[in-house]
Amino acid sequence: GFHQYGCNPTAADTALFPVESPALCTVTRRLRGQPGVASRALQEAGECNVASLGDLGSGSAHNCLGKTAGETCIIECAYGYSGDPTVRFCENNGDFSGIEVPTCEANPCTKGFPNGLGVSHTCSGIATGGSCEAACAQGYSGSSTQFTCRSDGEVFGSAPACIAKACGELSLDVQYDSELCSGKTTSQTCLVGCSEGWSLVGSVTSYECKAAGSFSGSLPECTAKQCTEGVPSGSDLNTPESCSSLTTGQMCSVVCADGYEGGVAEYTCGTSGYLTGSLPTCTLKVCPNSLPLGKLSNNCGDGVTFSSSCIVACADGYRLEAGSSSQQWQCAWDDVSAVVLQGTLPQCEPVPCEYNLPYGAKVVHNCTGIGTGIDCLVECAPGFAGSSEKQVCQADKTLHGTAPICEALLCPARDVANVVNDCGSTKFGGKCFASCADGFAGTPTSWMCGLDGQGGVQLQGDSPTCEARTCIYNIPVGLAYAHSCENLENGETCAVSCADGFVYESGVESPTVLTCDTDRSLAGLLPECLIITTTTTKTSPTEASTTTSTFSLTGSSSTSTSSTSTPTATNTMTSQTISATIATATRTTPTVTSTSTTATASTTTATFTTAEAYVEISGGFTLEVDAADLEAFVNDPQVKEALIATVAEISGAAVEDVELKLSIATRRLQSPLPDRRRLAAASVVVSYVVTVPQDDGSSTTATGSSTSVLKALTNINSASVSSVLTPNLEARVGAGTYTVVVQSVAAVVTKVIRQITTTPSAGTSAAPVSPVTVESSNVGVIVAVILCIVGAVACIAGVALLGVRSSRQKGQSPLLAGIANEEVALEI
């Protein structure tokens, strides 16, 4: 091959330095360097360009540097590579001709491969310039290293230091002894024999620690030795035969013998040839005392231990039958899995019960003649209710148990039309009374609670014959109403409408209905009726006018007048206004209009004005009176005086402002006697009217004012009436004369009464007229109004002829039943 040199251009005189072997160089020629190593070159004019050689590839070398036109050079494989050389010619144009380059292959390394304990490598087949790795094989530990194939064919590098890994413990059955294999590392070996208690058949075997960390080898043949000592024995033990033929490592279980109880003990044949283990703790079993206790007794207590005995005899309350005797029982093994008492029972019979047998009409039973231990049933007799109870005959000949609580059955209600009774709490065997309901009359009868034949009870007896009573209170009065409310019986109704000469305040015909209630009074609302009136105003002959007046609930009038004036004096009669307020509602009323035009001489004017108004407050309460002569109580003036004083004291009104009326209504009273008889008693209805002047509402607390009286009477109750009435009666008739109980208090009704007076104007010839109060009217009032055209005196006379009754002065209040909150005023 060629010798290669490097050229140092920095020297004063170009100097060459050897690379491997010296090569001939001239100053005027370019020198090539080592293949693959850059180098500077000097080129003289006329030299061929080595770049024209092309890509020569790795592993090649040439001597073409410095060649001039006409010269040749050789391209060959470098050291460590093999291949055929090629020749190139330097042309005149300064390039080398040809394109052939040698094919150079790296030579494989053949020596210097890595080695050592546990070393493995990848250097086989490596060629010049290649590299490989040396590492520790499986079963060894250490770091890997790198090796390089040099051009001289030798692998160059340092082998790793590898350390062998330890094998795991060799785990064999108990009969094998592998103690020598402990601590072995990869590739090491050990011997395995037989453990103590086993005999070796043949020879020991060898095991090797493999690279995977486990041992590999074959087991020796070992035979277990038989145990001949230490086999447990005893009467309380059950030792199986297998315990006598155990070999090393085998086990057997020792249990308690039949009739004993305890745990299980395990015994093992040890390597020494001796059975080892702990004896079980065994105790005698106890036969449970399961003997019947009804007829028998025994001294076996809670139980008898195995092989022991006890005595069985008759219990208290029982006796041995003829030919029988007490027996002995033995606790023995049942040949299966337990111990039991074994023996024959004696024959015993019960002693009959004689004491504490049930008795009484409330119960029935089947306890007669039963013996000890036998039960019987005690039940409630028919007509009584309660749970059944069992009772047992005890050994002391006494019947023991809970007696049933038997209550008489409550009779169901018996509904009879128009009949009331006090039988709500009447039970079997009891008596009660039936009487006519309020609003009906008849003779009371008694009922008995007896058996109904179907296991129950019922009220038995005749019912009273009851006839309806007619209503006599709150029948509508006055000319304003037309009705058919006379002689109504309890529950019947009647219609009330406005009479002729009156119209409905609502403008629509709307009669109302009243119902006859059980207290013999009519209940309901009356219709609101207004009187029909017409007024006419006349003037002097020289002035004529026509006036139309319409009258409504409020008494207002609307007047339309047309007139012709003349210089003549006039004398005018004023128009009249009649207003009626019934109940409390306010509605627009229809109007009736009458028009007349007349001419009269001078006329005198008379005016009616309202002088005074009173408030009538009516109410009542009911008394239950226990008196032999009820008529004497009602007609006793001292009783009436006490009642008037009571109302006056409660209301704050004066005694003379109170009017009173008493009436009788019969009812039934419950008797306190044991046989529950009914006594005939009576109720006295007290109706009162208190009349006081109407106040303006400014003094609501002034004693005697209408507001305070109304408030006091509105708030009364049975207790407040009783607290005042009792001392008033005792003061007037004496204590104990009458037994009076206030039962109920009726609602309060108020009514305003206005008194009307007539005051004639100057020059009139009419005489004064007494005050009047208009409560009701009819169509005739229209006639009376027409008469008013003639004069005031004729008007008063016309009204009187129509039956308008005079009003009473203060303290003379009549009973105005059936009209509530009625106010009527007349002004002329």
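About the thresholds
Residues numbered from 1 in each chain as written. Predicted model: local features only at pLDDT ≥ 70, side-chain atom pairs only at ≥ 80, totals over all residues. Heavy atoms only, no water. Pairing = 2+ DSSP bridges. Helix = DSSP H or I, 4+ residues; strand = E, 2+ residues; numbered from the N terminus. Axes fitted to C-alpha atoms, helices over the stretch in contact; angles between N-to-C directions. Disulfide = S-S within 2.5 Å. Buried < 20%, exposed > 50% of the residue type's maximum accessible area, 1.4 Å probe, protein only. Contact = heavy atoms within 4.5 Å. Expected span 1.5 Å × (residues − 1). Polar contact = N/O pair within 3.5 Å; in protein donor to acceptor, adjacent residues only side chain to side chain. Core = buried A, V, L, I, M, F, W, Y, C linked by side-chain atoms within 4.5 Å. Patch = residues over 30% accessible without salt bridge, like charges linked within 9 Å, V, L, I, M, F, W, Y side chains within 5 Å. Areas by Shrake-Rupley, 256 points an atom, 1.4 Å probe, with all protein chains shown as cover. Salt bridge = Lys/Arg side-chain N within 4 Å of Asp/Glu carboxyl O. Phe/Tyr/Trp six-rings, centres within 6.5 Å; stacked < 30°, edge-to-face > 60°. Arc of directions from axis to C-beta. pLDDT = per-residue confidence, 0-100. Parallel < 35°, antiparallel > 145°, perpendicular 65-115°, else oblique. Left-handed = near helix turned anticlockwise from the far one by under 90°. Nonpolar A, V, L, I, M, F, W, Y, C, P; charged D, E, K, R; others polar.

Trainee: Help me understand the sheet that holds strand β38 (residues 399-401), please; the structure alone is not making it clear to me.
Mentor: Sheet strands pair by backbone hydrogen bonding; their relative direction is either parallel or antiparallel. If you trace the four strands from one edge of the open sheet to the other, you get β34-β35-β37-β38, paired in antiparallel fashion. Both edges of this open sheet fall to β34 (363-365) and β38, since each of them pairs with a single strand only. Adjacent strand axes in the sheet meet at a mean angle of 35° when their direction is disregarded. Pairing between strand β37 (residues 389-393) and β38: three bridges, direction antiparallel. Along β38, the bridge assignment pairs C393 with L399.

Trainee: What is the right way to look at the sheet that holds strand β31 (residues 327-333) in this model?
Mentor: Reading across from one edge, β27-β29-β31-β32 is the order of the four strands in this open sheet, with antiparallel pairing throughout. Each end of this open sheet is capped by a strand with a single partner; those strands are β27 (296-298) and β32 (339-342). Pairwise comparison of adjacent strand axes, ignoring direction, gives a mean angle of 30° for this sheet. Here β31 runs beside β32; their pairing, made up of four bridges, is antiparallel.

Trainee: What is the right way to look at the state of the cysteines in this model?
Mentor: Here, disulfide denotes a covalent bond that connects the sulfur atoms of two cysteines. A complete count under the given rule lists 24 disulfides for this structure. Linked covalently through their sulfurs, C136 and C162 form a disulfide whose S-S length is 2.0 Å. With the S-S dihedral at roughly -95°, the linkage between C136 and C162 falls on the left-handed side. With C136 in strand β9 (residues 131-136) and C162 in the loop between β12 (155-157) and β13 (163-164), this residue pair connects regions lying 26 residues apart in the sequence. Grouping residues by exposure puts C136 and C162 together as buried. Put simply, C423 and C432 are joined by a disulfide, and their sulfur atoms are 1.9 Å apart. As the torsion about the S-S bond is roughly 90°, the C423-C432 disulfide counts as right-handed.

Trainee: Is there a simple way to explain the environment of Q226 in this structure?
Mentor: Among the structural elements, Q226 can be located in the loop between β19 (221-224) and β20 (237-238). As for Q226 and Q250, which are separated by 24 residues in sequence, their C-alpha atoms are 9.5 Å apart. Those residues in contact with Q226 that lie beyond four places of it in its chain are S244, S245, L246, T247 and G273.

Trainee: I tried to follow helix α4 (residues 718-733) on my own but got confused; where do I start?
Mentor: In an α-helix, one turn spans 3.6 residues, which is why side chains three or four residues apart end up on the same side. Here α4 contains 16 residues, and its C-alpha end-to-end distance of 21 Å stays within 8% of the 22 Å for a straight helix at 1.5 Å per residue. For α4, the complete set of buried residues consists of V721, V724, L725, N728, L729 and V733. Where α4 begins, the side chain of N717 points an oxygen toward the backbone nitrogen of A719, at a separation of 3.1 Å.

Trainee: What am I meant to see in the nonpolar core here?
Mentor: Generally speaking, soluble globular proteins have nonpolar side chains that are buried together. In this structure, F621, L623, L643, V684, V686, Y688 and V690 are the most contacted members of the largest nonpolar core, which totals 31 residues. The set of elements that each furnish at least two residues to this core consists of β53 (606-626), α1 (630-635), α2 (637-651), β54 (658-670), β55 (678-693), α3 (706-714) and α4. Counting residues per element, this core draws most heavily on α2, at six residues. When near neighbours in sequence (up to four residues on either side) are disregarded, V684 contacts F621, T622, L623, V625, L630, F633, V634, L662 and S663.

Trainee: Just checking my understanding: could you explain a nonpolar patch on the surface for this structure?
Mentor: On the surface, L180, L191, L200 and V204 cluster together into a nonpolar patch covering about 350 Å² of accessible area. Looking at where L200 falls in the secondary structure, it is placed in strand β16 (residues 198-201).

Trainee: Mind showing me how you'd approach the packing of aromatic side chains here?
Mentor: The description of an aromatic ring pair rests on the distance of the ring centres and on the angle between the ring planes. In this structure the tally under the stated criterion is four aromatic pairs. Taking 5.6 Å as the distance between ring centres and 75° as the angle between the ring planes, the aromatic pair formed by F384 and F428 counts as edge-to-face. Of this pair, F384 sits in strand β36 (residues 384-385) while F428 sits in the loop between β40 (419-421) and β41 (431-436), and the two are 44 residues apart along the sequence. On the basis of relative accessibility, which here comes to 18%, the residue F384 falls in the buried class. What makes F428 partly exposed here is its relative accessible area of 25%. A ring pair is formed by F621 and Y688, whose centres lie 6.4 Å apart and whose planes are at 40°; its orientation type is tilted.

Trainee: Sorry, what's going on with the environment of L399 here?
Mentor: Checked against the element boundaries, L399 lands in strand β38. Considering only alpha carbons, one finds L399 and E354, 45 residues apart in sequence, at a separation of 7.7 Å. Those residues in contact with L399 that sit more than four places away from it in its chain are C353, Y355, N356, L357, P358, C367, I370, C376, Q391, V392 and C393.

Trainee: Quick question: what am I supposed to make of unusual backbone geometry here?
Mentor: Across residues other than glycine, the phi torsion is negative in most instances, and most of the peptide bonds are trans. The backbone of S307 sits at a positive phi, close to 80°, despite the residue not being glycine. Phi at N474 is positive, roughly 60°, even though this residue is not glycine. Following the sequence through the fold, N474 ends up in the loop between β45 (467-468) and β46 (481-483).

Trainee: What am I meant to see in the side chain of T86 here?
Mentor: The topology assignment puts T86 in strand β6 (residues 86-89). Within polar-contact distance, the side chain of T86 engages the backbone oxygen of E100 at 3.5 Å. Leaving out residues up to four positions away in the same chain, T86 has contacts with C73, I74, I75, E100, V101 and P102.

Trainee: Is there a simple way to explain α3 in this structure?
Mentor: All buried positions along α3 are accounted for by S706, S708, V709 and L713. Buried residues of α3, viewed axially, fall in a sector of 165°; they line one side.

Trainee: Which parts of the structure should I look at to understand the environment of E229?
Mentor: Tracing the backbone through its elements, the reader meets E229 in the loop between β19 and β20. When its relative accessible area of 47% is taken as the criterion, E229 is described as partly exposed. In this structure the C-alpha to C-alpha distance between E229 and S244, which are 15 residues apart in sequence, comes to 8.4 Å. Once residues within four sequence positions are removed from consideration, E229 is found in contact with G273, Y274 and L275.

Trainee: So what exactly am I meant to see when it comes to the confidence of the model for the protein here?
Mentor: Low pLDDT means the predicted atomic positions in that stretch should not be read closely. Across the protein, pLDDT averages 76, with 72% of residues at or above 70. Predicted confidence is poor over residues 20-45, with pLDDT under 50, and the contacts of this stretch with residues over four places away or in other chains come to 54 contacts. Low pLDDT, under 50, characterises residues 536-611; the stretch is placed with 189 contacts to residues that sit more than four places away or in other chains.

Trainee: How should the packing of α2 against α4 be read in this particular structure?
Mentor: Where α2 contacts α4, the two axes come as close as 9 Å, and the packing angle between them is 140°. Between α2 and α4, the angle is such that the two are oblique. The chirality of how α2 crosses α4 is right-handed. In this structure, α2 contributes Q638, V639, E641, A642, L643, A645, T646, E649 and I650 to the contact, and α4 contributes S720, V721, V724, L725, N728, L729, R732 and V733. A class-by-class count of the residues in the contact of α2 with α4 yields 10 nonpolar, four polar and three charged.

Trainee: How do you make sense of the pairing of strand β29 (residues 309-314) when you look at a structure like this?
Mentor: The side chains of a regular strand alternate, first on one face of the sheet and then on the other. Bridge analysis of β27 against β29 gives three bridges, and the strand direction is antiparallel. Residue pairing across strands places S297 opposite A313, the latter belonging to β29. Pairing analysis gives four bridges linking β29 to β31, with the strands arranged antiparallel. Residue pairing in the sheet places C310 in a bridge with W329 of β31.

Trainee: Help me understand the pattern of salt bridges, please; the structure alone is not making it clear to me.
Mentor: Two side chains bearing opposite charge may form a pair once their charged atoms approach each other closely. Taken as a whole, this structure holds five salt bridges when the rule is applied. The partner of R150 in a salt bridge is D152, with the nearest N and O atoms 3.1 Å apart. A salt bridge links K210 to E208, with the nearest nitrogen and oxygen atoms 3.0 Å apart. Note on K210: relative accessible area 34%, which makes it partly exposed. Overlapping salt bridges bring together R150, D152 and E154 as one network.

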